[in-house]
Amino acid sequence: MPSNLLAPLFFIRSLRMLDLSWNYINGQIPSLGFGNLSNLVHLDLSGNSINGQIPALGLGNLSNLVHLDLSWNEFIGSIPLQLFQLKYLQYLDLISNRLSGELPGEIGNLTKLQQLSLGSNKFSNAIPSSISYLRELELLDLSDNALSMEIPTHIGNLSNLSSLRLRMNKLTGGIPASMQKLNKLDSLDLEGNLLTGEIPFWLFDFKDLQELHLGGNNLSWRNNSMKIVPKCMLSELSLRSCDLKGEIPEWISTQTTLFFLDLSMNQLSGSLPTALFPSSQLSILVLSHNNFSGELPENIGDAELLRILMLDRNNFSGPIPQSISQNSNLLILDLSRNRLSGNIFPVFDSQAHLLYVDFSSNQFSGEVPTTFPPNIQTLALGSNKFSGALPSNLTKLRNLQRLELQDNNISGELPNSLLQISYLQVLNLRNNYLQGSIPKTFSNLQNLRILDLSSNNLTREIPIEFVNNLTGMIEAPPNQTSQTSVSFTSETFVTEFAVNELIVNWKKSKQGLSSHNIDMYFLLDLSNNQLSSEIPATLGALKALKMLNLSYNKLSGKIPAHLSNLQNVEGLDLSHNKLSGHIPTAFIKLQQLTTLDVSNNKLTGRIPVGGQMNTMADPNFYANNSGLCGFQIHVPCPEDLPPAPKLQEHDNKEEPWILQEAVGIGYPVGFLLTIGIIFLAGYFNPSPPSNSRRPRRHHPHQLIRQRI
């Protein structure tokens, strides 16, 4: 509903309460409209799509306002200073907008304020010390911003404060000792900041404290062996990444009302205490990233309300207790990256609510288990020792979106029955012993976005029909999401548990795709098999693909020019095949391309020039081809070389005549020159010319010698 439709309301000057929350109102609030409603006491515009800046003049005139809720909209800019002149205001909620800038010192003018909620915006810099003037304040929520510097010491003056939420900021320093004076505190959330120092034990002296979240900082637990006796009874406790060592502190087992416990990313060791599970309240237990060992306790199924159990990245061993299947409320079960073993698995009831199971990176063996409820969405069983063929009754898991069976010993052929799991988005069968051909019916998996069949023994051609109905790879579906994280909401906080990364071969190396953005990726990996024949041109229709890997096969023929239609592809690997011909010049249209590998083929001709192809300049990605050339590999193409010097045609024809003439002329000329030289040198002397001098007379003896 456009915001200008609110105009008639601005003439009802007697209005004292106006609630327009969650009505799909969009657009900007008229700057002066609300200013006419000077008698307004309660104004709620939350849960709409109102944008632009908060109107300073309009709301600033509501001098009688007590309750103002503008949360869950799209307001931008800073908070207008006029709002801090509303001296009767008791409730101000601006959560989940796009407000930014510093929190002004004028915030201290709202001395009657009882609830101040500014979370999930973009406020920065320090928390103003003037906030200590709000002596009536009961709830202060500044979470999920970019606030920095230390928590103001004067915050201890807020003697009526019962809930303090500063999570997910950039606050530094320690927990102020002045907070000991907040004796009415029942909820303290400092999660996800940059706080340092030791966790003060006086926090456990607050008798009313129920929720304590200190995880994700650089805080440390002073002494695990020190005995503490909390005066409080906690329902929520997060000490994630707080340098806890040794066994779980004994005092935690005294907190029998706990329904949320996060001790992950510490150095806790020993076995899992059986005392944790008879709890009738425990709903979330997160002990990931520790050094726990031994077998899982048999009474693990006694926690009937348990919804999230994350014990991954420890050293647990032995089988999975059968009792765990008794918990029908369980949503997430993560036992990955342990040393668990066995080939018998808990059998879950078909009515169980289990959505996510991760047993990957253990030592399980036997056939692939299918003893899970049909509503399961993610089943991760990779990196174990499962063997045999893929079970046909996998199809009973009809809501499965993510199936991971990579790095096992699974054999046999790919069953056609897999196409019955129509919601499947991720199928990872990498590094097994699968054989036979790729079923044409795989094209019926219309939601498939990630398919990894690499490192198997698949043979024959890539079926042309393979891509006909893979609409999930042809065009990225809008707003499609898979079960990659689970949000848990209590009355005081919302927290999200991300599932494990999906490991794929991405751009020549194994990388993990985060659960937060896995929906952005579209991959097809058929590498390291025995596939033959030509690359189907129809693969070019998979325009959503970000990575296509066909390397290490026996593919032949030319590279289809239609692959240039993969407009989103970032990585294209065709190496180690028997491909021939040219690299298609149309590849210059691949504007997102960052990695292209065509090495170890039989390609010839010029490497295309233009677009991203100019950046594909690593010679290793073109190596071992029979005749590629181009600036990318520093090999000039024949047509780029300067032409060799050539003699004119008529010169070649006249050459014999010239030689004959030279010889004919050279001999007489040379003879005459020789005679001339001899003449000049005196070797040839005719009769001396007559002169007036008389001839010299010879001595008689000389004359006789000459004659002799």
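Nothing here was measured: the structure is a model prediction, and the numbers come from that model. (Residues numbered from 1 in each chain as written. Predicted model: local features only at pLDDT ≥ 70, side-chain atom pairs only at ≥ 80, totals over all residues. Heavy atoms only, no water.)

Caption draft 1: Up close: the state of the cysteines. Inspection of every chain in the model, using the stated rule, returns one disulfide. Here Cys629 is linked by a disulfide to Cys637, with a sulfur-sulfur distance of 2.0 Å. Since a negative S-S torsion denotes a left-handed disulfide, the Cys629-Cys637 link at about 100° is right-handed. (Disulfide = S-S within 2.5 Å.)

Caption draft 2: How the structure looks around the pairing of strand E44 (residues 530-534). Where strand E38 (residues 457-461) lies against E44, three bridges are found, and the strand directions are parallel. For Thr459, the partnering residue across the bridge sits in E44 and is Gln530. (Pairing = 2+ DSSP bridges. Helix = DSSP H or I, 4+ residues; strand = E, 2+ residues; numbered from the N terminus.)

Caption draft 3: Quick look at the sheet that holds strand E12 (residues 146-150). Taken together, the seven strands give an open sheet; going across it, the order is E2-E4-E6-E8-E10-E12-E14, and neighbouring strands pair in parallel fashion. Two strands lie at the open edges of the sheet, namely strand E2 (26-27) and strand E14 (170-172), each paired on one side alone.

Caption draft 4: How the structure looks around unusual backbone geometry. Residue Ser96 is not a glycine yet carries a positive backbone phi of 60°. Checked against the element boundaries, Ser96 lands in the loop between strand E7 (91-93) and strand E8 (98-102). Its relative accessible area of 14% is what places Ser96 among the buried residues. In the Ramachandran plot, His576 falls in the positive-phi region, its phi being about 55° despite a non-glycine side chain. Relative to the assigned elements, His576 resides in the loop between strand E47 (571-573) and strand E48 (578-581). Taking relative accessible area as the criterion, His576 reaches 26% and is therefore assigned partly exposed. (Buried < 20%, exposed > 50% of the residue type's maximum accessible area, 1.4 Å probe, protein only.)

Caption draft 5: Up close: the packing of aromatic side chains. Counted according to the given criterion, the structure contains twelve aromatic pairs. Measuring from ring centre to ring centre gives 5.9 Å for Phe345 and Phe386, while their planes differ by 45°; the resulting arrangement is tilted. Of the two residues, Phe345 is situated in the loop between strand E28 (339-342) and strand E29 (356-358) and Phe386 in strand E32 (residues 385-388); the sequence distance between them amounts to 41 residues. These aromatic residues form a ring-pair network of at least three members: Phe345, Phe348, Phe359, Phe364, Phe372 and Phe386. When the ring centre of Phe522 is taken as reference, the NZ or CZ atom of Arg449 above it lies at 5.9 Å. (Phe/Tyr/Trp six-rings, centres within 6.5 Å; stacked < 30°, edge-to-face > 60°. Lys NZ or Arg CZ within 6 Å of the ring centre and 35° of its normal.)

Caption draft 6: Highlighting the nonpolar core. Of all hydrophobic cores here, the largest spans 171 residues; its most connected members are Phe34, Leu43, Leu116, Leu203, Leu239, Phe359 and Tyr622. Leave out the neighbours within four places in its chain, and Leu116 touches Leu92, Ile107, Ile131, Leu134, Leu137, Leu139, Leu140 and Asp141. Of all hydrophobic cores here, the second largest spans nine residues; its members include Phe260, Val286, Leu331 and Ile332. (Core = buried A, V, L, I, M, F, W, Y, C linked by side-chain atoms within 4.5 Å. Contact = heavy atoms within 4.5 Å.)

Caption draft 7: Fine view of the pattern of salt bridges. Across all of its chains, the model carries ten salt bridges by this definition. Residue Asp312 pairs with Arg313 through a salt bridge whose shortest N-O separation is 2.8 Å. A salt bridge links Glu639 to Arg606; its shortest N-O distance comes to 3.4 Å. In this pair, Glu639 sits in the loop between strand E51 (627-629) and helix H3 (649-681) while Arg606 sits in strand E50 (residues 602-606), placing the two residues 33 residues apart along the sequence. (Salt bridge = Lys/Arg side-chain N within 4 Å of Asp/Glu carboxyl O.)

Caption draft 8: Structural context of the pairing of strand E24 (residues 291-295). One ladder, built from two bridges, connects strand E22 (residues 267-270) with E24; its direction is parallel. For Gly270, the partnering residue across the bridge sits in E24 and is Phe292. Looking at chain direction, E24 and strand E26 (residues 315-318) are connected through three bridges and run parallel. In the sheet register, Ser293 faces E26, and the bridge partner there is Asn315.

Caption draft 9: Structural view of the confidence of the model for the chain. Residues of the chain with pLDDT of at least 70 account for 83%, and the chain-wide mean is 86. A low-confidence stretch, residues 665-669 (pLDDT under 50), is modelled with zero contacts involving residues beyond four sequence positions or located in other chains. (pLDDT = per-residue confidence, 0-100.)

Caption draft 10: Representation of the environment of Ser117 in the model. Locating Ser117 in the fold gives a position in strand E9 (residues 115-117). A residue is classified by how much of its surface remains accessible, and Ser117, at 3% relative accessible area, is buried. A sequence separation of 22 residues divides Ser117 from Ile95, and the C-alpha atoms of the two residues are 5.9 Å apart. Excluding residues within four positions of it along the chain, Ser117 makes contact with Leu92, Asp93, Leu94, Ile95, Leu139 and Asp141.

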